[in-house]
Amino acid sequence: MDKELEKGNKVVETSNGWPDKNSIIIFLKGPFILTHKIESIEYREINDPHYWKAEYYDKNKKHILVCKF
């Protein structure tokens with residue numbers, strides 16, 4: 001998330017409690033600017049205008065970083 005913010009993306013919303021009671025979801029204003037490769041992080045293309053464009057899911061902590069369209 002820090003790298004996205006450094007490149008100009010902005011946090012526009014946060015949520016918690018899904019998909020796990022301790023999960024945190026952070027929504028970024030625009031599409032991801034960078035590609036991130038981390039062993040415990042899974043990238044997912046959602047491409048659903050009712051939800052969001054893509055996400056990075058932390059398999060260990062169950063946190064999600066989301067980007068909007």
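The preceding data block contains the structure.
Residues numbered from 1 in each chain as written. Predicted model: local features only at pLDDT ≥ 70, side-chain atom pairs only at ≥ 80, totals over all residues. Heavy atoms only, no water.

Colleague: How would you sum up the overall build of the protein chain? Please name residues and give values.
Modeller: When helices and strands are counted, the protein chain shows 1 helix and 5 strands. Helices and strands in the protein chain line up, N terminus first, as α-β-β-β-β-β. Against the 2.2 N^0.38 benchmark of 11 Å for 69 residues, the protein chain shows a C-alpha radius of gyration of 11 Å, consistent with a compact globule. In terms of principal-axis extent, the alpha carbons of the protein chain reach across some 30 × 30 × 20 Å. (Helix = DSSP H or I, 4+ residues; strand = E, 2+ residues; numbered from the N terminus. Rg over C-alpha atoms; globule rule 2.2 N^0.38 Å.)

Colleague: Break down the sheet that holds strand β4 (residues 54-58) for me, with residues and values.
Modeller: Taken together, 5 strands build an open sheet; the order of strands is β1-β2-β5-β4-β3 and the sheet is mixed. One side of each edge strand has no neighbouring strand; the edge strands of this open sheet are β1 (11-16) and β3 (41-45). Adjacent strand axes in the sheet meet at a mean angle of 15° when their direction is disregarded. Relative to strand β5 (residues 64-67), β4 runs antiparallel, the two being bridged by 4 bridges. Paired with Ala 54 across the strands is Cys 67, a residue of β5. (Pairing = 2+ DSSP bridges. Axes fitted to C-alpha atoms, helices over the stretch in contact; angles between N-to-C directions.)

Colleague: So, the pattern of salt bridges: which residues are in play, and what are the values?
Modeller: Evaluated as defined, the whole model comprises 3 salt bridges. Connected via shared salt-bridge partners are Glu 42, Arg 44 and Glu 55. (Salt bridge = Lys/Arg side-chain N within 4 Å of Asp/Glu carboxyl O.)

Colleague: Could you give an account of the side chain of Ser 23, naming the residues involved and the relevant values?
Modeller: As for its position among the elements, Ser 23 is in the loop between β1 and β2 (24-28). Polar side-chain contacts of Ser 23 include one of 2.7 Å to the backbone oxygen of Lys 62. Those residues in contact with Ser 23, other than ones at most four positions away along the chain, are Ser 15, Asn 16, Gly 17, Trp 18, Lys 62 and His 63. (Polar contact = N/O pair within 3.5 Å; in protein donor to acceptor, adjacent residues only side chain to side chain. Contact = heavy atoms within 4.5 Å.)

Colleague: Explain the packing of aromatic side chains to me, using residue names and the numbers behind them.
Modeller: Applying the stated criterion across every chain, the model contains 5 aromatic pairs. Pairwise contacts between aromatic rings join Phe 27, Tyr 51 and Trp 52 into one cluster. The side chain of Arg 44 reaches across the aromatic face of Tyr 57, ending 4.3 Å from its centre. (Phe/Tyr/Trp six-rings, centres within 6.5 Å; stacked < 30°, edge-to-face > 60°. Lys NZ or Arg CZ within 6 Å of the ring centre and 35° of its normal.)

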